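Commentary on secondary and tertiary structure
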Amino acid sequence: MIRRIAPLALALFLLSSSLLAGSFSADSGRFLLDGRPFQIISGEIHYLRVPPEYWRDRLLMAKAMGLNTVTTYVFWNSHEPTQGTFNFSGGADLAAFVRTAQEVGLYVILRPGPYACAEWEFGGYPSWLLKSPPVTVRGGHALAGIDYAHAADAHRCFVLLMAQFGVRTVQPVSTAS
């Protein structure tokens, strides 16, 4: 099971916690937080689907249900609606959402995609991708050509996203065990 979890998701795990000063790893089929076994008890909250004034309330409800973690997709099309124009404000202020989760005592797993399987417009891909070949809709897979043709675009958005948290370099957590 550990091998199936995306290394990038693990690399981003717990941005809101004291992990920045501690450690998170996977060993012998279990997660370790600061060297101790840690069970992720998580639910999904998409910050873009909840008005910012309700984030704290929804996160407190999640904590009251016994969760210690929330996960959220990062929808590329909301953060880069037109090529080269980025939005991390208002309802798209992911850093504020993560800070709010930290304040209520929850960890956060970010799932940056670039694809989001969440009944979100165009799977979270920005529509401007369709202007440049070889991207086609339903051409062999959901978006033929996107994985390589626009990797630089996705990377640029991801780097800006990480800068919201003061992260300059992201190293994946090893899932080999």
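Just above, that's the structure.
As the structure is a prediction and not an experimental result, all values here were calculated from the model.

Focus on the overall build of the protein chain
If you tally the helices and strands in the protein chain, you get 6 helices and 8 strands. A total of 177 residues make up the protein chain; the buried ones form 44% of that total. When the accessible surface of the protein chain is totalled, it reaches about 9,600 Å², and 55% of it is carbon and sulfur.

With respect to the environment of Ala101
With respect to the helices, strands and loops of the structure, Ala101 is situated in helix α4 (residues 94-103). Residues Ala101 and Arg56, 45 residues apart in the sequence, show an inter-C-alpha distance of 7.3 Å. Excluding residues within four positions of it along the chain, Ala101 makes contact with Leu59, Leu106 and Val108.

Quick word on the side chain of Thr100
Relative to the assigned elements, Thr100 resides in helix α4. Other than its neighbours up to four places away in sequence, Thr100 contacts Trp55, Arg56 and Leu59.

Describing the sheet that holds strand β1 (residues 24-27)
Spatially, β1-β2-β3 is the arrangement adopted by the 3 strands of the open sheet, whose pairing is antiparallel. The sheet is open, and its two borders are formed by β1 and β3 (36-38), each paired with just one other strand. Strand-to-strand twist of the sheet, defined as the mean angle between neighbouring strand axes without regard to direction, takes the value 45 degrees.

Each value, and the rule that gives it
Residues numbered from 1 in each chain as written. Predicted model: local features only at pLDDT ≥ 70, side-chain atom pairs only at ≥ 80, totals over all residues. Heavy atoms only, no water. Helix = DSSP H or I, 4+ residues; strand = E, 2+ residues; numbered from the N terminus. Buried < 20%, exposed > 50% of the residue type's maximum accessible area, 1.4 Å probe, protein only. Areas by Shrake-Rupley, 256 points an atom, 1.4 Å probe, with all protein chains shown as cover. Contact = heavy atoms within 4.5 Å. Pairing = 2+ DSSP bridges. Axes fitted to C-alpha atoms, helices over the stretch in contact; angles between N-to-C directions.

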